[in-house]
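Here's the letter readout for the chains.
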Amino acid sequence: MKKQLPTLLCFFSVMGVYCQELPSRIQPVSFPFARVNALGGNHVGLDATFSTLFANPAAFAGAKPQKNFAEISFDVVDIDRVYKLLSTNDLITEVRDALTDRLEARLDFGGPIAFGGVGHNYGWGLFNVLRLGIAWESQAIYMLSPTLSEEFTFVGAYGFGLYRGDTAHLDLGFTGKIFIRMGYTAQSIYLQETKYLLNNMVEMPFEIQLGSGFDIGLRWTLADSLSFGLVFYDPFAPVQVTKYSRVSKVSSQEMIAQGTVPVTPRASAGISWRIDSPFLHYYFSGITLSFDYAGLLENLAENPRDPLLNIAAGIELRILEIFSIRGGFSGMQPAGGLGIDFTFMNIDLAVYMKELGVFYNDYKTLALTVDFSFRK
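A. Spatial organisation of the nonpolar core. Among the nonpolar cores identified, the biggest contains 26 residues, and Ile-26, Phe-31, Phe-33, Leu-53, Phe-54, Phe-60 and Phe-127 are the most heavily contacted of them. Broken down by secondary-structure element, the contributors of at least two residues to this core are strand S2 (102-119), strand S3 (122-137), strand S4 (143-164), strand S9 (238-244) and strand S10 (255-262). If we skip the residues at most four places from it in the chain, Phe-60 touches Ala-48, Thr-49, Thr-52, Leu-53, Val-118, Gly-119, His-120, Asn-121, Tyr-122, Gly-123, Ala-157 and Gly-159. Residues Ala-34, Ala-335, Ala-350 and Tyr-363 belong to the second largest nonpolar core, which totals 9 residues.

Now the structure itself:
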């Protein structure tokens, strides 16, 4: 049935264009927050911050006010392979090792547009992300798949209380999203054409994605310390995908493919514990533990991952309300990072291993995120 879904989707929604040119699913919108990567992902039980716009909207019920004016973030995946190729004295050996496996390097440059606000019961933000990727597999040894895209996203969230008791409260939240993504995706070229990539890019097929979606989340909190969260992401998120033979054909609307394609639906459940201990608070101004399972709808994916890869955990230690030490676990791989709060600017760093395959140690690689945010 999973294999028939793209065919049925094409039959009912594409209506007479070249269906085989369209993707079967659309990548969800996101932003490369260093704090999130250091903690092992978006934990749905955490209190609301600016990044919660991509986590759990229910957390905005009673959120503390915050304004985000701008943010610059670099997220580089597979930097260990790139570093080895640049620093080795035996280039032939490194190239040979690379050619026996596969390559999936990526750079996500978030910002500088990342402004918005968090208030009591609400949050909103406008973001832009530039994505550059290179993929290569040994099954197609002479081919390389470069991608280059720019996306702009507006996100708005609202959370409110369903129940308020003396020691517990239950909150519900909704997030709405609209976005546009445009660029060059899933286009394979011969290796010898790589050096002419920028010159020939104007002749490559150009794609525009215009979509919307929503998330719905619940959060149950006990004693203002222990929070349980459940979120469904994009259960309904139609995206209008239009392909042109080249970018110059956009103005004349000469399309080679057009249709409606959904964003992959996802769901996460988790728990976060904000430890309230007078003894520990003598040394730390805050300690938070989180544990999540992010693959509740993984069976709907085209190529489901090993269930163990959907387990995520994180810990954050705050010192003097200025320094943050973070550790995480996601995809059966470790993560860590630091944060410094300068009041007018935050600097966050994350170093983490990322599992790009569908099984444990299928394709793990090193990643780095550096984040500069200007908040009040």
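The rest of the description comes next.
B. Layout of the pattern of salt bridges. In total, this model carries 18 salt bridges according to the counting rule given. Close ionic contact of Arg-266 with Asp-234 constitutes a salt bridge, the shortest N to O distance being 3.1 Å. On the criterion of sequence distance, the pair formed by Arg-266 in strand S11 (residues 266-274) and Asp-234 in the loop between strand S8 (226-233) and S9 is long-range, its members being 32 residues apart. In this structure, the salt-bridge partner of Arg-318 is Glu-321, at a minimum N-O distance of 3.8 Å.

C. Layout of empty space enclosed by the protein. Taken as a whole and judged by the stated rule, the model has 3 cavities of 30 Å³ or more. Estimates place the volume of the largest cavity at around 80 Å³. Lining the largest cavity, in full, are Arg-35, Val-36, Leu-39, Gly-41, Asn-42, His-43, Leu-46, Asp-47, Thr-49, Ser-51, Thr-52 and Ala-55. Reported here for the second largest cavity is a volume of approximately 40 Å³.

D. Quick peek at a nonpolar patch on the surface. Taken together, Leu-162, Tyr-163, Leu-218, Trp-220, Phe-228, Leu-230, Phe-232 and Leu-296 make up a surface patch of nonpolar side chains, about 670 Å² in accessible area. The dominant element in the nonpolar patch, judged by the number of residues it contributes, is S8, at 3 residues. Inspection of the secondary structure puts Trp-220 in strand S7 (residues 206-222).

E. Region of the structure containing the pairing of S11. Summarising the sheet, S8 and S11 pair through 8 bridges and their orientation is antiparallel. Looking at S11, one finds that Gly-229 is bridged to Gly-270. With 6 bridges connecting them, S11 and strand S12 (residues 286-293) associate as antiparallel partners. Opposite Ser-272, over in S12, you have Ser-290 as the bridge partner.

What counts and how
- Residues numbered from 1 in each chain as written.
- Predicted model: local features only at pLDDT ≥ 70, side-chain atom pairs only at ≥ 80, totals over all residues.
- Heavy atoms only, no water.
- Core = buried A, V, L, I, M, F, W, Y, C linked by side-chain atoms within 4.5 Å.
- Buried < 20%, exposed > 50% of the residue type's maximum accessible area, 1.4 Å probe, protein only.
- Helix = DSSP H or I, 4+ residues; strand = E, 2+ residues; numbered from the N terminus.
- Contact = heavy atoms within 4.5 Å.
- Salt bridge = Lys/Arg side-chain N within 4 Å of Asp/Glu carboxyl O.
- 1 Å grid on protein atoms, 1.4 Å probe; cavity = no way out; pocket = protein on both sides within 12 Å on 5 of 7 lines; lining within 4 Å.
- Points joined across faces, edges and corners; volume = space filled by probe spheres on them.
- Patch = residues over 30% accessible without salt bridge, like charges linked within 9 Å, V, L, I, M, F, W, Y side chains within 5 Å.
- Areas by Shrake-Rupley, 256 points an atom, 1.4 Å probe, with all protein chains shown as cover.
- Pairing = 2+ DSSP bridges.

So yeah, pure geometry; function would need other evidence.
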